[in-house]
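What follows is the residue order along each chain.
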Amino acid sequence: MSLFFKVIYFVLLFTNFAVSTTAAWKNLTLSNYKLKQTGYSSTIANLDKALPNVKLATIMENLNHDNPGTAPKVKNLLASSGYGWKDSSNFNDQDTEKWYPQGISTSADAFDSEKYEGYSVQLISWHSDHYDDGKRGARISFVKQGSGRKKKYRHVLLVRPKGDEDFEAIKGLHAGGIVWYGNLLYVVDTTSGLRVFDLNHIYSVDESIKNKAGKSRNKYARSYDWQKKSGVTNMRFSFISLDRTTTPDSLIIGEYHAERTNCRLLRFDADYKTRLLKTSSGIATASQAVQHGNTKIQGATSINGKFFLTQSGGSLITHTWKDRQKKTTGVFPKVPEDLSYEKDVGLWTLMEQPGYRHVFAIDSSKF
Ligand SMILES: *[C@@H]1O[C@H](CO)[C@@H](O)[C@H](O)[C@H]1NC(C)=O
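Residues numbered from 1 in each chain as written. Predicted model: local features only at pLDDT ≥ 70, side-chain atom pairs only at ≥ 80, totals over all residues. Heavy atoms only, no water.

K.L.:
What exactly am I supposed to notice about the pairing of strand β8 (residues 138-145) here?
P.N.:
Every regular strand shows the same layout, with side chains that alternate between the two sheet faces. Counting buried residues in β8 gives seven out of eight residues, a clear majority hidden from the surface. In the sheet, strand β7 (residues 121-127) pairs with β8 via seven bridges, with the strands oriented antiparallel. Bridge pairing in β8 links Q122 to V143. Direction of pairing for β8 relative to strand β9 (residues 151-162): antiparallel, over a ladder of seven bridges. Counterpart to V143 in the pairing with β9 is Y153. Linking β8 to β9, which pair antiparallel, is a turn of five residues; within it G148 sits at a positive phi near 65°. (Buried < 20%, exposed > 50% of the residue type's maximum accessible area, 1.4 Å probe, protein only. Helix = DSSP H or I, 4+ residues; strand = E, 2+ residues; numbered from the N terminus. Pairing = 2+ DSSP bridges.)

K.L.:
Explain unusual backbone geometry here, please?
P.N.:
Most peptide bonds take the trans form, and the phi angle of most residues other than glycine is negative. The amide bond that connects T247 to the next residue, P248, takes the cis arrangement and shows omega of -5°. The residue P248 is located in the loop between β15 (239-243) and β16 (250-254) in this model. In this structure, S80 takes a positive phi of about 65° despite not being glycine. Given the relative accessible area of 48%, S80 is considered partly exposed.

K.L.:
When you look at the nonpolar core in this model, what are you seeing that I'm missing?
P.N.:
Nonpolar side chains tend toward joint burial in soluble globular proteins. Ranked by size, the top nonpolar core spans 27 residues in total, and within it L35, Y186, L194 and L277 carry the most contacts. Contributing elements (two or more residues each) for this core: β11 (178-181), β12 (184-189), β13 (193-204), β14 (216-226), β15, β16 and β17 (264-269). In terms of residue count, the dominant contributor to this core is β12 (three residues). Look past the residues within four positions of L194 in its chain and what remains in contact with it is L35, Y186, V187, V188, S223, Y224, F237, I240, L251, I253 and L277. Membership of the second largest hydrophobic core comes to 25 residues, among which are I59, L123, V156 and W180. (Core = buried A, V, L, I, M, F, W, Y, C linked by side-chain atoms within 4.5 Å. Contact = heavy atoms within 4.5 Å.)

K.L.:
Sorry, what's going on with the packing of aromatic side chains here?
P.N.:
Aromatic ring pairs: the centre-centre distance and the angle between the two ring planes describe each pair. Inspection of every chain in the model, using the stated rule, returns 11 aromatic pairs. Centre to centre, the rings of W85 and Y153 are 4.9 Å apart; their planes meet at 85°, and the pair counts as edge-to-face. With W85 in the loop between β5 (65-67) and β6 (100-106) and Y153 in strand β9, the pair connects residues that are 68 residues apart, well separated along the chain. You can call W85 buried: its relative accessible area is 1%. An aromatic cluster of three or more residues is present, and its members are Y83, W85, W126 and Y153. When the ring centre of W126 is taken as origin, the NZ or CZ atom of R139, which lies over that ring, is 4.5 Å away. Over the face of the ring belonging to Y100 we find R357, whose NZ or CZ atom lies 5.0 Å from the ring centre. (Phe/Tyr/Trp six-rings, centres within 6.5 Å; stacked < 30°, edge-to-face > 60°. Lys NZ or Arg CZ within 6 Å of the ring centre and 35° of its normal.)

K.L.:
Is there a simple way to think about the sheet that holds strand β24 (residues 340-342) in this case?
P.N.:
Picture the strands of a sheet paired through backbone hydrogen bonds; they go either parallel or antiparallel. Here three strands make up an open sheet; going across it, the order is β24-β25-β26 and the pairing antiparallel. The open sheet has two edge strands with one neighbour each: β24 and β26 (359-362). Sheet twist, expressed as the average angle between the axes of neighbouring strands with direction ignored, equals 30°. Two elements, strand β25 (residues 346-350) and β26, share four bridges in a ladder whose sense is antiparallel. Bridge assignment links T349 to a residue of β26, and that residue is F360. (Axes fitted to C-alpha atoms, helices over the stretch in contact; angles between N-to-C directions.)

K.L.:
Could you clarify how one ought to interpret the pattern of salt bridges in this entry?
P.N.:
Two side chains with opposite charge may pair up if their charged atoms get near one another. On inspection of all chains with the given rule, the structure shows 15 salt bridges. The shortest N-O distance in the salt bridge between R260 and E255 comes to 3.1 Å. An identical accessibility class is assigned to R260 and E255; each is buried. The salt bridge partner of D323 is K322, with a shortest N-O separation of 3.6 Å. (Salt bridge = Lys/Arg side-chain N within 4 Å of Asp/Glu carboxyl O.)

This is the structure:
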């Protein structure tokens with residue numbers, strides 16, 4: 001005779017905690033948020049004469065490192081989207097503490113066709129704040145998206161004009177976020193505003209010429225300078241993304257702060273023909289300015305009117321005026337950074353920590 005025990009199971013289902021919080025989102029006065037557009041640097045024409053000017057294809061044909069496929073432990077990860085960096089005895093981007101990956105944008109930001117000169121490419125910015133006193137400036141990895149999981153990359157240094165015929169790395173450029181829009185690359189410069197680089201002016205220079213940080217150098221052409229206003233806390237330009245889901249196209253810019261609870265997100269409308277911000281008398285004024293009450297935000301974008309924010313502790317925060325703020329904890333095992341949305345694919349982001357550097361996409365519709 002057998003005995004049957006009735007066993008009661010206590011089932012603890014671990015799920016994503018989506019907590020509706022009452023974080024104070026509010027609209028701010030748009031006229032307090034202005035950027036001044038500078039003219040196009042005239043030095044560039046001189047450099048074009050002096051240096052070999054290369055197209056994206058030249059970089060694509062001269063990629064020099066492999067990106068291994070990876071599988072980070074991320075909630076709602078898009079299968080097979082993850083990749084990392086070269087990690088070998090003589091070259092290690094996965095663990096280096098000299099360079100830290102920060103910003104992301106893709107050829108799907110650059111053009112609606114999702115390709116740039118026929119290539120599907122992702123750009124990742126890195127800062128060198130802890131290396132040579134930041135003198136090395138910022139670099140961009142051009143990552144070619146091959147078929148399947150085969151990806152390869154090459155670093156390109158960001159430089160600015162110096163004198164009439166020279167250029168230099170941009171000391172202290174944190175490059176916390178980037179947007180690739182047409183031939184232009186928008187890079188945030190924390191306290192100053194936006195720096196705009198032009199992919200029509202990429203130079204291939206000899207290693208021996210200058211800072212031995214990369215072969216090709218991408219020229220900073222123009223800038224959008226933050227306009228201070230009394231009574232308004234100076235904006236920090238910590239991250240940036242492109243919103244192609246509403247018309248006109250626009251840039252979403254936000255600030256990181258560890259303690260301040262008055263951090264803001266700004267939207268600036270862009271002109272898809274010139275690839276520049278919409279301006280009036282050289283001034284771009286925000287078309288949306290909101291304060292959101294969260295600290296330690298690392299990246300943000302807006303998809304069909306819904307904001308998505310990454311946060312240091314590994315959370316993903318969403319907001320619409322109708323559904324308010326929702327915070328999903330434990331989405332990322334480490335610190336997530338800048339965001340870039342690719343229609344038909346998902347929401348791209350990356351993690352910066354040495355030894356845990358992954359680039360990957362999540363399914364934004366699940367948040
Ligand atoms: C903030 O502005 C948006 C338009 O950009 C509007 O839809 C929303 O209702 C406003 N929110 C509040 C709380 O006033």
